[in-house]
Amino acid sequence: MLIGLLLLLLPVTVYFLTFPLSRRLRPKLCILYRAGAGIIAIAGSSFSLYLAAYSGDQGGIAAYFLQLAVITLYALFSVTLMVLNYLARHPE
């Protein structure tokens, strides 16, 4: 149960902890991060919680795999924005 709760809360917690740090990104990338990552983290975790709470055992399994997809997508999105920010600051 504790691992499931951590999986559900991890993306939202990381998003809120990195929100102030997103100011280091270029202005347009900062807006993209705040909007995109917020949608991925909050909407994905909310839908996973809904599946886990109201869909029985099958929904719990689906929620687990959906939450793994949310975490992976969030990480890829963040890394992509960091690379784009680096390339925008160092155009060579």
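Residues numbered from 1 in each chain as written. Predicted model: local features only at pLDDT ≥ 70, side-chain atom pairs only at ≥ 80, totals over all residues. Heavy atoms only, no water.

**Quick notes on the overall build of the protein**
Scanning the protein for helices and strands turns up 3 helices and 0 strands. Listing every helix and strand of the protein by position from the N terminus yields α-α-α. Principal axes of the C-alpha set define a box for the protein whose edges measure 50 × 20 × 20 Å. Within the protein, the fraction of its 92 residues that count as buried is 28%. When contacts within the protein are restricted to residue pairs at least 6 apart in sequence, long-range pairs at least 24 apart make up 64% of them. (Helix = DSSP H or I, 4+ residues; strand = E, 2+ residues; numbered from the N terminus. Buried < 20%, exposed > 50% of the residue type's maximum accessible area, 1.4 Å probe, protein only. Contact = heavy atoms within 4.5 Å.)

**Things to note about helix α2 (residues 27-54)**
Across its 28 residues, α2 extends 40 Å between first and last C-alpha, which sits within 8% of the 40 Å expected from 1.5 Å per residue. Within the span of α2, buried status applies to Leu 29, Cys 30, Tyr 33, Gly 36, Ala 37, Gly 38, Ile 40, Ala 41, Gly 44, Ser 45, Ser 48 and Leu 51. Looking at the packing, one finds that the buried side of α2 touches α1 (2-18) and α3 (56-89). Looking one or two residues beyond α2, the residue adopting positive phi is Gly 56, at roughly 70°. (Expected span 1.5 Å × (residues − 1).)

**Things to note about α3**
Taking 1.5 Å of rise per residue, 34 residues should cover 50 Å, and α3 covers 49 Å from first to last C-alpha, within 8% of that figure. Listed in full, the buried residues belonging to α3 are Gly 59, Ala 63, Gln 67, Val 70, Tyr 74, Ser 78, Leu 81 and Asn 85.

**Focus on the packing of aromatic side chains**
How two aromatic rings sit relative to each other is set out by the distance from centre to centre and by the angle between their planes. One pass over the full model with this rule turns up 6 aromatic pairs. Ring geometry for Tyr 15 versus Phe 16: centroids 5.4 Å apart, planes at 55°, classification tilted. For Phe 16, a relative accessible area of 52% puts it in the exposed group. Plain terms: the ring middles of Tyr 15 and Tyr 33 are 6.2 Å apart, the flat faces sit at 35° to each other, and that makes the pair tilted. Pair noted here: Tyr 15 is in helix α1 and Tyr 33 is in helix α2, with a separation of 18 residues, a long-range link. For the pair shown, Tyr 15 and Tyr 33 are each scored as buried. In textbook terms, an aromatic cluster arises when at least three aromatic residues are bridged by ring pairs, as seen for Tyr 15, Phe 16, Phe 19 and Tyr 33. (Phe/Tyr/Trp six-rings, centres within 6.5 Å; stacked < 30°, edge-to-face > 60°.)

**What to know about a nonpolar patch on the surface**
Where nonpolar side chains cluster on the molecular surface, the patch consists of Val 79, Met 82, Val 83, Leu 84, Tyr 86 and Leu 87 and spans about 580 Å² of accessible area. Along the polypeptide, Val 79 turns up in helix α3. Since its relative accessible area comes to 45%, Val 79 is described here as partly exposed. (Patch = residues over 30% accessible without salt bridge, like charges linked within 9 Å, V, L, I, M, F, W, Y side chains within 5 Å. Areas by Shrake-Rupley, 256 points an atom, 1.4 Å probe, with all protein chains shown as cover. Salt bridge = Lys/Arg side-chain N within 4 Å of Asp/Glu carboxyl O.)

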